[in-house]
Structures are given as structure tokens and as C-alpha cells.
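# Chains, contacts and geometry: an overview
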Amino acid sequence: MLRRLGATASERALFLGLIAFVGAVSVAPLARLLLEGVAPGGRLDLGILRSVLGAPRTWLAAERTLATALASTAIATVLGTAFALLVGATDLRGKSALGFVFLLPLMIPSQVTAIAWINLLGPASPLLKTLGLAPAPGTPHPLYGFSGIAEIMGLEHAPLVFLTLRAALASLPGEAIEAAEAAGARRLRIIRTIVLPMCLPALAAGAALAFISAIGNFGTPALLGIPAGYSVLTVLIYQELAGFAPAAISQVAVLSLLLGALALLGIAAERWASGRHDIRWAQPRTRRLIPLRGAAPVFLVTAWAVLALVVAVPLTALLATALVKAYGLPLAADTITTENFRYVLTEHAATARAALNSLFLASATALVVAVVGVFLGYVVVWRDGVLARALAVAAELPYALPGVVLALAAILVFLRPLPLLHVSLYGTLWIILAAYFARFLVLALRTIVAAYRQIHPSLEEAAAIAGAGLWRRIGTIILPLAAPAVAAGAVLVFLIALNELTVSALLWSAGHETLGVVVFSLEQGGDSTLAAALSVLVVVATAALMALASLAARRLPEGVLPWQG
Amino acid sequence: MRLTTTLAVALACALLSAAAHAQSGKLTLYTSQPDRIAAETVAAFNRQHPGITVETFRSGTTEVMNKLAAEFLAGDPKPDVLFIADAVTMEGLKAEGRLQAYPEADVSAFPAAAYDRDKTYFGSKLITTGIVYNTAAPKPQSWLDLLAPAAKGQVVLPSPLYSGAAAIHMAAMSAAPALGPDYYQKLADNRAIAVQGNGAVVTQVAGGQRMYGVLVEFMALNAKAKGSPVDFVFPKEGVSAVTEPVAILKTAKNPEAAKAFVAFILSKPGQELAASQGFLPARNDVASPPGFPNAAELTILPVDMSQTARETPALKERFSQLFGG
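Residues numbered from 1 in each chain as written. Chains lettered and ligands numbered in written order. Predicted model: local features only at pLDDT ≥ 70, side-chain atom pairs only at ≥ 80, totals over all residues. Heavy atoms only, no water.

Our focus in this paragraph is the overall build of chain A. Scanning chain A from terminus to terminus reveals 25 helices and zero strands. Computed over its C-alpha atoms, the radius of gyration of chain A comes to 24 Å, within 12% of the 24 Å expected for a compact globule of 565 residues. C-alpha atoms of chain A, sized along the principal axes, occupy 70 × 70 × 50 Å. Of all 565 residues assigned to chain A, the portion counted as buried reaches 59%. (Helix = DSSP H or I, 4+ residues; strand = E, 2+ residues; numbered from the N terminus. Rg over C-alpha atoms; globule rule 2.2 N^0.38 Å. Buried < 20%, exposed > 50% of the residue type's maximum accessible area, 1.4 Å probe, protein only.)

Take the overall build of chain B next. The helix and strand tally for chain B stands at 11 helices and 13 strands. Taken along its principal axes, the extent of the C-alpha atoms in chain B is 85 × 40 × 30 Å. Going through the 325 residues of chain B one by one, you find that 58% of them count as buried. Considering only residue pairs separated by 6 or more positions, chain B has 76% of its internal contacts joining residues 24 or more positions apart. Carbon together with sulfur atoms contributes 57% to the accessible area of chain B, which is approximately 12,900 Å² in total. (Contact = heavy atoms within 4.5 Å. Areas by Shrake-Rupley, 256 points an atom, 1.4 Å probe, with all protein chains shown as cover.)

What follows covers the pairing of strand β10 (residues 230-233) of chain B. All names here are of chain B. The alternating pattern of β10 places Val-230 and Phe-232 and Asp-231 and Val-233 on opposite faces, both of which are buried. Examined bridge by bridge, strand β6 (residues 125-134) and β10 share four bridges and lie antiparallel to one another. Its bridge partner being in β10, Ile-131 is matched across the sheet by Val-233. (Pairing = 2+ DSSP bridges.)

The next subject is the environment of Val-371 of chain A. Mapped onto the fold, Val-371 of chain A is located in helix α17 (residues 349-382). You can call Val-371 of chain A partly exposed: its relative accessible area is 44%.

Before going further, it helps to spend a moment on a nonpolar patch on the surface. Residue and element names in this part refer to chain A. Side chains of Leu-359, Leu-545, Leu-548 and Leu-551 sit close together on the surface and give an oily, nonpolar patch of about 390 Å² of accessible area. A per-element tally of the nonpolar patch places helix α25 (residues 528-551) first, with three residues. Assignment of secondary structure puts Leu-548 in helix α25. Residue Leu-548 is classed as exposed on the basis of its relative accessible area, which comes to 55%. (Patch = residues over 30% accessible without salt bridge, like charges linked within 9 Å, V, L, I, M, F, W, Y side chains within 5 Å. Salt bridge = Lys/Arg side-chain N within 4 Å of Asp/Glu carboxyl O.)

Here the focus is the packing of aromatic side chains. Per the counting criterion, the structure on display carries 22 aromatic pairs over all chains. Aromatic pair Phe-102 of chain A and Phe-162 of chain A: ring centres 5.0 Å apart, planes at 50°, arrangement tilted. Of this pair, Phe-102 of chain A sits in helix α5 (residues 95-103) while Phe-162 of chain A sits in helix α8 (residues 146-170); the two residues are 60 residues apart in sequence, bridging distant segments of the chain. The same class applies to Phe-102 of chain A and to Phe-162 of chain A, which are both buried. Within the aromatic cluster, the residues linked to one another by ring pairs are Phe-45, Phe-83, Phe-261 and Phe-264 of chain B. A cation over an aromatic ring shows up here: Lys-67 of chain B above the ring of Phe-57 of chain B, its NZ or CZ 4.3 Å from the ring centre. The ring of Phe-279 of chain B is capped by Lys-125 of chain B, whose NZ or CZ atom sits 4.8 Å from the centre of that ring. (Phe/Tyr/Trp six-rings, centres within 6.5 Å; stacked < 30°, edge-to-face > 60°. Lys NZ or Arg CZ within 6 Å of the ring centre and 35° of its normal.)

This part covers helix α3 (residues 47-54) of chain A. In an α-helix, one turn spans 3.6 residues, which is why side chains three or four residues apart end up on the same side. Residue and element names in this part refer to chain A. What α3 keeps buried is the set Ile-48, Leu-49 and Val-52. End-on, the buried residues of α3 take up no more than an arc of 100°, which puts them together on one face. Opposite its buried face, α3 presents the exposed residues Arg-50 and Gly-54, each directed more than 90 degrees away. Buried residues belonging to α3 abut α2 (9-38), α4 (56-89) and α14 (248-274). (Arc of directions from axis to C-beta.)

Once that is clear, we can look at unusual backbone geometry. In the Ramachandran plot, Arg-293 of chain A falls in the positive-phi region, its phi being about 50° despite a non-glycine side chain. With respect to the element layout, Arg-293 of chain A can be found in the loop between α14 and α15 (296-323). Positioned with a positive phi, Arg-191 of chain B is a non-glycine residue whose angle comes to about 60°. Within the element layout of this structure, Arg-191 of chain B appears in the loop between α6 (183-189) and β8 (193-195). We classify Arg-191 of chain B as partly exposed; its relative accessible area is 39%.

Further remarks concern the interface of chain A and chain B. With 55 residues of chain A at the contact, the number on the chain B side is 51 residues. The interface formed by chain A and chain B holds zero salt bridges in total. For the pair chain A and chain B, the number of links is 10 residue pairs in polar contact (both at pLDDT 80 or more). Those elements that place two or more of their residues in the side of chain A that touches chain B are α2, α6 (110-121), α13 (233-243), α19 (403-414), α23 (504-507) and α24 (515-524) of chain A. (Polar contact = N/O pair within 3.5 Å; in protein donor to acceptor, adjacent residues only side chain to side chain.)

Attention now goes to the packing of helix α11 (residues 200-216) of chain A against helix α20 (residues 429-452) of chain A. Residues and elements named next belong to chain A. The interhelical angle for the contact between α11 and α20, taken along N-to-C directions, is 165°, at an axis separation of 8 Å. Taken together, α11 and α20 sit at an angle that is classed as roughly antiparallel. α11 and α20 meet at a crossing whose hand is right-handed. Within the contact between the two elements, α11 uses Pro-201, Ala-202, Ala-205 and Leu-209 and α20 uses Val-442, Leu-443, Arg-446 and Ala-450. (Axes fitted to C-alpha atoms, helices over the stretch in contact; angles between N-to-C directions. Parallel < 35°, antiparallel > 145°, perpendicular 65-115°, else oblique. Left-handed = near helix turned anticlockwise from the far one by under 90°.)

When pLDDT is averaged across chain B, the result is 88; 92% of the residues are at 70 or more. Complex prediction metrics read pTM 0.86 and ipTM 0.82. (pLDDT = per-residue confidence, 0-100.)

Glancing now at the pattern of salt bridges. Residue and element names in this part refer to chain A. Under the criterion given, the structure shown has 19 salt bridges over all chains. The residue Arg-32 makes a salt bridge to Glu-36 at a minimum N-O spacing of 3.0 Å. Residue Arg-32 and its partner Glu-36 are located together in helix α2, separated by four residues, close to a single helical turn. Judged by its relative accessible area of 23%, Arg-32 is partly exposed. A salt bridge links Glu-513 to Arg-353, with the shortest nitrogen-to-oxygen separation between them at 2.7 Å. In this pair, Glu-513 sits in the loop between α23 and α24 while Arg-353 sits in helix α17, placing the two residues 160 residues apart along the sequence. Look at Glu-513 and you get buried, because its relative accessible area is 8%. Taken together, the shared-partner salt bridges in this structure form one network comprising Glu-270, Glu-396, Arg-446 and Arg-453.

Our next topic: the nonpolar core. Grouped burial of nonpolar side chains is what soluble globular proteins tend to show. Residues Tyr-452 of chain A together with Leu-82 of chain B are the most contacted members of the largest nonpolar core, which totals 284 residues. For this core, the leading source of residues is α20 of chain A, giving 20 residues. Residue contacts for Leu-82 of chain B: discarding those within four places in its chain leaves Tyr-30, Val-64, Met-65, Leu-68, Met-90, Leu-93, Pro-245, Val-246, Ala-247 and Leu-249 of chain B. Ranked by size, the runner-up nonpolar core spans 28 residues in total, among them Val-246, Ile-248, Ala-257 and Ile-265 of chain B. (Core = buried A, V, L, I, M, F, W, Y, C linked by side-chain atoms within 4.5 Å.)

Encoded structure:
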């Protein structure tokens, strides 16, 4: 058996290490949960499976999940691609700032974004009222239902496409573009026939990430779907969980199985799309930017106008809520206050603790999943086989399920003391970290795999012939070529993990809160203004960290900071 | 004489230390109380029982109950005390044999409806559901005002598919003779919309998205006290109520400390604390907080908790037929 894993001892070690990691954080919890679906309480009983899969509402919800996920993926892909091309492939002025601002929505809690849009387009909208366009009071809200869910999730997930594609553009061979230019090809033609096909794996990876995120998204469909009676699978799962029926976990397990099946569709589509062209490139690369020339001002104005809408709307709403004395009051001279900021900064004891916890969790998760992603990506791209594919799918699934389901699965496995070690992770920060490893591995993996698909195997083969061992080949040939993608994956994971809520909402314990949990607790206690103030602080602090990284960019390899042009 | 005094003192010391020993150590509390309220409650309890270290897990009711369900399944439930939204949920746990009776609990000052007959769970307060309205709209008086043409498309209510309190509210409304069993049908006909929970209701009404909401009183009164443009009405037909019960788990690792906690919640100081936090106390010898009508003037629509626990699936089914989902 061991022989079949790989040709050399180091390859076997690589496979065993990956199996151990993915098995522990991802396969074990999900398998334990699924067991509850087919064998509740340990006895085989397909009754729940049959009743859940036999219910028409299950299939209606699955259909709606698929429809909203596909539509939102299309929106996210168009928006993310447009911005990635502008920032990564053109000579647009100020494009680093453009990329920087485009990433900010990743740090705004998704319910804040959804509520901001609900307010902006609803009957009470201050903007629409001024323009005389506000819908009549009492009419259905334009965002409730299918199109609203698809649109808002599309905006929400566009940065995922942006980040993966941006990383691939950083290693685009400039020679190919130069040759096309010399042959007299126009800019659009270059983008259509060279840039996009060469980035197809990344584009497919970004779209797949947006698709999987949409399938597992609960917050947006809950806010925009429930009022319209439009339930997707994650909302059905939450209904089961909110009912506290003894069989709830089993039913959730079956519904999760269905979500997993939908996610596999996305994975299959991604594989199909990225295998269509051979875009591997063996020569060293030089950057070559596409000159925008006379069209530059048009692009500049359009891009910033779109950003103003997509980023400014949620950000202004967040800031306005954080600065007002009480939720619902108009922001005016006599209602503006900094008291909310003062309270969360100086009086709310949990803030500092949660900030440290989240900072640690996000950094550790980003670091570990990027490292694991480098090795797992190697196996997925160059040692493709049943085992490699199984590992990739196992890395993918935890992200396609709502966070609460992953948290339940983690409790089922990690509550009891670990075998051999005899200590339990439960009630510590480590159980959150383990769940984060499972949840966010795919974000790094997808980005890295897309970059590997651009690398020609001849480079590594040459090194192998020259006698370089596996670790050396990965360290000196592959890693330098894929560095922008590895960094993009790590940054993506860091930004998302820093604000994570749904997993930690079940797994935190006294002293081990995360920022997401503190924001959620404030919100639930009716303190929306305090919750907004804390969210603003998180956005500002993260933006400051990103700005610091930009200052240090000259010392970093080119293309490592995903927002830099 | 001196000998007896010494003996008496020694005996008293021994008893005291035994009592102190019995009520010390770690107490694990799972609660869905808002953060600040939970912290105040624990602090007040600790002033009486400094020897007990309380570890609190606080989250939404759904999150708390699912964490607990997973712990049951994994075979090692952690909490000693559970302090959550409603009696229907407690009925479910009682039926599964998860709760421990506390027969010595002093319930003499409580109305019989406030606690479980078998003394496995005890209501700590009355959280009533009435009508919140945006002050830009005319003040409603009755539940029937939500069916008027002026309220068409203007009513938002928490969905019983996600909230136990909302399920109890639906049961109470449907059983009230003044409103009739088809009250929810009429609400749906008047284009009322359902949202996930109470928090979303107050956001919509305070933000002016909808003018009227079905909401628990303390959230509305808190928002009003902070200056949000909302007010709250106890409609004339009456209000539904949940009791935020407290219970000891059968698997409690520190049952003595758990009993001390429950006793504190039910004690007069514990109930006065709840009143000072803006809740209607369940004890009849503690005054209501400002903003509430006198207990005598308040009509609580009756609900049979164990019957509601059994009928909840049918109730949810009817709701999702009316409102979708």
C-alpha cells in the first residue's frame, strides 16, 4: 500500500502527512456528522435520509441554492475579472489603490452589507427619497427573493475571483503579449486570446470559490430570502437547528450531504474548465502590461464609480451606524457621538481579548493552510490520482457547508480527549484553530493550484534529473514561481478568518472569544451601534496592516501583495 | 459553659466550612441572555457566592441549544445550568430526561404557571411580546390594528421557524378567542413579512423599513430608551409571554453550585436584579420596572407549554404555508 503512494520515501512522507492533516481536521469531523445522517445514535436507519430526501421542500431549496449560486457566481466572476485585469494586466494609474479598496468589503460582516443595501433600496431610503425614486411604502422590497440574493452574494464574493485571478496575472508571460502586439493584435483581442486563456485555471478556480461560497452562505439568503419565503438549503438547515428536535442533527447531516453534492458539481466544472488548454509555460517571465492609452480615463472613472457603489455603500452604512447615538436616528449634529468607539475600546473587556484571539487564529490559519496548500497543491496537480482527488474534495467540503454545521461536526469529534494525547481540545482556542484549518484550506489550495497549472513540468523534471530531491524541488523551483499565489491565498484566508463568525459562535469558550463572536453578541443584545463601531475598528486596523505591508512591498518579491499593481 | 460555647463555635465553623465547601468550585453556565445582562447576573451571584467560579457560554438560543445537542451526542455535556429563552425548549429537554429536579427550590412567591410542576425548570421573568411601532406611524391599540388597510405591507414579525418565542406567540394568538384561529392567515393576507428573529424586527422598525413589528418588550423599550424612533404597545387583547427558565442538568458536575445559582435567580434579590435590568420579574412580590403596566393590568394570553411542544411541528408547517419558507 505504502509503495503505491509514491515513488520515493519523501513522496510517501508527503502523502502520509497530507492524509494525516486533512484526515484529522476535515474528514474525521465530516464523516462523524454524516454517520448521524444514516445511523442516528449508531444504529443504521435510513428513515431520516429517506424522509428528508423525499420532502419536496428539500428539492425546492436545493434548486434555489443552485440557482442563486450560479447567478451570483456569474456576477462575482464578471466583476472580479474586470478589476483583476485592470489591476494586474494594464498600466492604469493608481491601480494599487483600486485593488486595495476592492478588497475592503471582505472585512465587512456580510449582514452589515446586506442591511446597508436593504436600507439603500427600500421605501425608507434617504437617497431614493431625495431622488423621488423610493418604492411606495408597503410594496415588496426589490432585494427580497432570488435576484437580491444573487446580486448581493455576487458583490460579496467578487474579491475571491479578483484575488485568484490577480495572482495568476502576476505570472503571466509578457513575451506572449509582446509577440501579439508585434503582430498587430488589438488590446481586446490580446485579452480574449492570450490573457484570459492563460489565466483560465485561475479564473475557473476563482469562480469555483465564489460558487462554493454561495452554496454555503447563510447570512445573505437569510436576510434577503426569509422575508420573501425563499429558502435555500442553508436556511433549511438553520430551520432544523432552530427546532431543537432530537433528530435535528441527523437531518442537518442529510441536508449537508446534498450541499456537498452541489459543491462537487462546482469542483467538477472547475476541473473541466482548467483542463481545456495547455497553458504551461517553461521560460522565465517578464511582466508586460497592456497600455490603455486614450481609453485610460474612461476605465479609471468607471472603475472608481463601481467601487464607490460597491464599497462605499456598506462602508458608509457601517460608519453611520457606528457614529449615531441610537439605531434608526438620522445622523445629524445632535445625534453624532464617539461614545460607541470609546465604549468598545476602553470599557468592553472582551474587545482586546477577542482582537488578540482573532489575530492569532487568523495568522496561524493563514500560515498553516498556505504551507499545507503548497504541498497539497503539488499532489493535486502533479500526482493526480484517486487519492489526490479525494484529498482535494475533502479540503473543499468544509467550506461548502454553513459554519454552524462544521462547528457541530468539530464538537462531535473533538469533545472527547484526543487518542494517545489524552487531552481534549474542547473549551480551548485550539478547537477553533482546527476548525479554521478545515474551513479555510480550500481558499489557499484553489489559488495555489491555479498557479501550479501555469508551470511547465519540464522545470521540475530538469531539477529532478539534476538530482534535486522533492523538498528541494518544491522549495527552489515551484515555490518561487507560485509565490504570488501562495501569498494571495494566505492574505485571503487572513482577511476572512479575522472576521469569522459562524464557526466560532459555537466553539468559543470563556476567554476564547473571537472578534466575530463579540460583534454578534453586541448585535444580539440590541447594541447595533456598538457592534458597528467594533466592525469599523476592525476594518481600519486591517486596512492599516495592509498599508504597512504596502510600505514594505519594495523588500518583497514582485506580485506577492495581491492588491498591488 | 465555656466548653459548650467552644463546641458550638467549632460546630458552626465546621458547618460553615462544609457549606462553603459544598458551594465552591467551577459552575458552567450556558445562557442565551444578552451579553451585558448575563455578566451582571453572574457578578451579582458571585457577590453572594464568591467561592464559585462561573464559566459562561453565551450565544443565541439556537447556537446554545445546538452546542448542547452536539455535546449530548458526543456523550459529555458540559453545562451545570441552562438559562435560556422559553419553556417549550425546556419541555423538550425534560421529555428526553436531561433535566434534574430541584424539589427544595423556594417557589412560594411564584405563580404556578411560572415553573414546571415537577420542579425541573423555573421561569425567571416574563418576557412579553406586543407591538413595536415607528413613531412616524399612528399608535396601534390592538392586534387587530395590524390587519387594517393602513398596516398593509407594514408589519414585520419573527418567524416561528427560527424562534421558539415566536412559536409560543403564534400558539397564544391562535388560541385567543378575541383574535380567532385564522389571525395569522389574515396577517399574511395583509402582506406582513416574516424575518429570522427579534433583532431583525427592531432593526426594520427603527430603521423605518416597516412601521409595525411584533416584538419582545425589552428590546423595544431599550431601543426607545437609547433614542431610536420607536415605542411599544401592550395590545388590549393581551400579550404572549415566555419565562426565560433556568434548569439544572441531570449530568451537572457541580449540582450544589448549580442549586445555589438557581436559588439566587429565584430569590428576591435575584428578581430585583432582573427588574433593574428592565425585565418583568416572575415573583409577585417584586415591583415591575418603569415602562411596564402593573402586573394586575397586564393580560397574559395563556399557553399550554407541553401541548405547544407537541404541536410545534404542525404550527411551523402552517406558518410556512402562509408565509413561505
